[in-house]
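# Analysis of the macromolecular model
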Amino acid sequence: MLRVAVVGSGPSGCYTAQSLVQLDPDVRVDVLDRLPCPYGLVRYGVAPDHEKIKSLQNNLRAILEHDRVRFLGGVQIGPGGVAVTRLRELYHAVVYCLGAATDRHLGIPGEDLPGSWSATRFVSWYSAHPDAVDAGFLRDARSAVVIGVGNVAVDVTRMLARGLAELTPTDMPHAALTTLADSKVTEIHMVGRRGPSQARFTTKELRELGTLPETDVVVDPAELALDPGYTDPSALPAPQRRNVEVLRGWAETPSTGAPRRIHLRFFLRPAELLPDRGHVAAARFERTAPDGRGGVSGTGRHEVIEGQLVLRSVGYRGVPLEGLPFDPATGTVPNRSGRVLREGVVAPGEYVAGWIKRGPTGVIGTNRPCAKETATCLLADAPVLTRRAVADDPLPALRAAGTDPVAWRGWQSIERAEAELGASLGRGVVKLPDWDSLLTAARTEAR
């Protein structure tokens, strides 16, 4: 019997577990997570109003309910929890599916001013991540600047423009819902340093901005025309060509005078965040121009955009875990097809999958072939790995290491508590937003 620990219960962790049990009838997998809740970014990163994507939880649920897969939440790996070396002793193999837990920085003056936040922190707050707090994101804000033109940037822009009627049916925590519904933000600027043909958002996400009630989408045709791909989109790949056509339609549509406006801006590179009485008040951008090689270069001309809230959405980045090798240049664990490398040599029994393996690229589905590659390598190594004896059940040793794992029944108790909370508020399911409420619910016996 091959015993494997998968660290992380997001898509990459679940798909790894799925590949292992599908490819080998004698493997047993424990899926460990620091949080008492499974599903990773599907629960805490997908926008609350994207019910279709969030429904992927049902697919991940089926994996975690497999009779040879066990979910153990609330298990800290690393400092303050189970050491990497101890985890390796308890299992024949360990697969780390840690994702990319922090954001990339802009590296500009004023980036750390109050009122300037990473989009990941904002998303965590309205998604009820238990580590998140209400940092007063929207306090006194009338105008917001979102730096970045990927899907996360589109998500936070859309959340800023949503009203109470659209947010109430979601599972957003009630405090975040009321704060967003009471927001005074009426001007939202989503800004990219390159042109529309190079933006990273998908057409489906982009089009949603045009469906928001009482909201105009404003695009400057002269700014779009700076992009050769916009002027002649015939050579663009189909996704970028569709994006360009959506933007062209908005550029040719007059404003309706709606109470909220989303401004989509391009060819502006952030140069500095400007303060007023110690709080961010505006962002200064340098106008860029295509350099003919797929990038942009500065022009020396600048523009200031007002914003009492600045959300930086320029990508995720992996963080090191004590006991594992880490490449700070790529933000990944060095590996060969998922096998962890220590000083260039394969470390027996240690593997990675997902963003910590390849970097924060691709969509949720990209994790499936990535996980299968790692699982295939692990199973190829199994004859050697199983020569080392391990305990029939690592759970007592995990408890002895100071953890108190939340089993699947505990997660089901959290689900019931969230359904009951929603019913009491006249809503559907509403997420529990903090550690205390989650752990209290998890420890409640099934009724």
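Residues numbered from 1 in each chain as written. Predicted model: local features only at pLDDT ≥ 70, side-chain atom pairs only at ≥ 80, totals over all residues. Heavy atoms only, no water.

- As named in an unreviewed UniProt entry, the protein chain is ferredoxin--NADP(+) reductase, taken from Streptomyces indiaensis.
- UniProt, in the comment section headed Cofactor (unreviewed entry), describes the protein chain in these words: "FAD".
- Taken directly from UniProt, the Sequence similarities (unreviewed entry) text for the protein chain runs: "Belongs to the ferredoxin--NADP reductase type 1 family." (UniProt positions renumbered as here; feature names shortened; annotations may be inferred.)

## Some remarks on the pattern of salt bridges
- Taken as a whole and judged by the stated rule, the model has 30 salt bridges.
- The partner of Arg248 in a salt bridge is Glu245, with the nearest N and O atoms 3.7 Å apart. A residue pair is termed a helical-turn pair when its members lie 3 or 4 positions apart in one helix, as Arg248 and Glu245 do in helix α13 (residues 238-251) at three residues.
- One continuous salt-bridge network, built from bridges that share partners, spans Asp49, Asp155, Arg158, Arg162, Glu205 and Glu208. (Salt bridge = Lys/Arg side-chain N within 4 Å of Asp/Glu carboxyl O. Helix = DSSP H or I, 4+ residues; strand = E, 2+ residues; numbered from the N terminus.)

## Describing the packing of aromatic side chains
- Evaluated as defined, the whole model comprises eight aromatic pairs.
- Ring centres of Tyr39 and Trp411 lie 5.8 Å apart, and the angle between their planes is 85°; on these two criteria the pair is classed as edge-to-face. Of the two residues, Tyr39 is situated in the loop between β2 (27-32) and α2 (41-44) and Trp411 in helix α17 (residues 408-424); the sequence distance between them amounts to 372 residues.
- Judged by relative accessible area, which is 0%, Tyr39 ranks as buried.
- Relative accessible area serves as the criterion here: at 1%, Trp411 is assigned to the buried category.
- Plain terms: the ring middles of Trp125 and Phe137 are 5.3 Å apart, the flat faces sit at 45° to each other, and that makes the pair tilted. Highlighted residues: Trp125 in helix α6 (residues 119-126) and Phe137 in the loop between α6 and β7 (143-147), separated in sequence by twelve residues. (Phe/Tyr/Trp six-rings, centres within 6.5 Å; stacked < 30°, edge-to-face > 60°. Buried < 20%, exposed > 50% of the residue type's maximum accessible area, 1.4 Å probe, protein only.)

## Regarding the pairing of strand β18 (residues 345-352)
- Strand direction decides the pairing type here: strand β4 (residues 93-96) and β18, joined by three bridges, are parallel. Bridge pairing links Val95 to Tyr351 in β18.
- As judged from the three bridges shared by strand β17 (residues 339-342) and β18, these two strands associate in the antiparallel manner. Counterpart to Leu341 in the pairing with β18 is Val346.
- Remark: two residues form the turn of the hairpin made by β17 and β18, two consecutive strands paired antiparallel; Glu343 in that turn has positive phi of roughly 55°. (Pairing = 2+ DSSP bridges.)

## Quick word on the sheet that holds β7
- The parallel open sheet is built from six strands, whose spatial order is β6-β14-β7-β8-β10-β9. Of all the strands in the sheet, the pair left with one neighbour each is β6 (116-118) and β9 (215-219). Each strand of the sheet is rotated relative to its neighbour by a mean of 20°, with strand direction disregarded.
- As judged from the three bridges shared by β6 and strand β14 (residues 309-312), these two strands associate in the parallel manner. (Axes fitted to C-alpha atoms, helices over the stretch in contact; angles between N-to-C directions.)

## Here we look at helix α9 (residues 174-181)
- Three or more residues of α9 are buried, namely Ala176, Leu177 and Leu180. When α9 is viewed along its axis, its buried side chains cluster within an angular range of 100° and face the same direction. (Arc of directions from axis to C-beta.)

## A closer look at the sheet that holds strand β11 (residues 268-276)
- Strand order in this open sheet of three strands is β11-β12-β13, and the pairing throughout is antiparallel. Of all strands in the sheet, those bounded by a partner on one side alone are β11 and β13 (296-306). Between one strand and the next, the sheet's axes are offset by a mean angle of 25°, whatever the strand orientation.
- Note: strand β12 (residues 279-290) against β13, eight bridges, orientation antiparallel. Across the sheet, the residue bridging to Pro290 is Val296, located in β13.

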